[in-house]
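As a plain string of letters, each chain reads:
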Amino acid sequence: MSRERLGGTGAPEPESRVGSAPSLASSLKEALTGAVFPLTAEELAWVARENEAPAPLLTQLGTLPRGRFDSVDAVARALEHAATP
């Protein structure tokens, strides 16, 4: 359908709105905004809940091993490692 048929609003075509899912790193950065590292897995989950992270990300954070994480990148590496069989 052309933009003219959509009423000339200039609205983007549906395909351009779909896009890909946000990457793990970008989701974590958003979920952990304001976090002061190092943090434990429990503290990371608390920050993510406070930042209204999506439930699947909270579930992933719940699978992190015990210990402290020094950065968002360290959390992302741990989650990626846990996801690989």
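We now turn to the structure provided with this report. (Residues numbered from 1 in each chain as written. Predicted model: local features only at pLDDT ≥ 70, side-chain atom pairs only at ≥ 80, totals over all residues. Heavy atoms only, no water.)

### Some details on the pattern of salt bridges
And then number 1: Under the definition given, this model contains one salt bridge.
And then number 2: The shortest N-O distance in the salt bridge between Glu-43 and Arg-68 comes to 3.6 Å. Highlighted residues: Glu-43 in helix H3 (residues 41-50) and Arg-68 in strand E2 (residues 68-69), separated in sequence by 25 residues.
And then number 3: Here Glu-43 falls in the partly exposed class, since its relative accessible area comes to 31%.
And then number 4: In this structure Arg-68 comes out as exposed when scored by relative accessible area, which is 53%. (Salt bridge = Lys/Arg side-chain N within 4 Å of Asp/Glu carboxyl O. Helix = DSSP H or I, 4+ residues; strand = E, 2+ residues; numbered from the N terminus. Buried < 20%, exposed > 50% of the residue type's maximum accessible area, 1.4 Å probe, protein only.)

### Concerning the environment of Val-47
And then number 1: Tracing the backbone shows Val-47 in helix H3.
And then number 2: When the C-alpha positions of Val-47 and Val-36 are compared, they lie 9.7 Å apart, and in sequence the two are 11 residues distant.
And then number 3: Beyond its immediate sequence surroundings of up to four residues, Val-47 is in contact with Ala-31, Leu-32, Thr-33, Ala-35 and Leu-39. (Contact = heavy atoms within 4.5 Å.)

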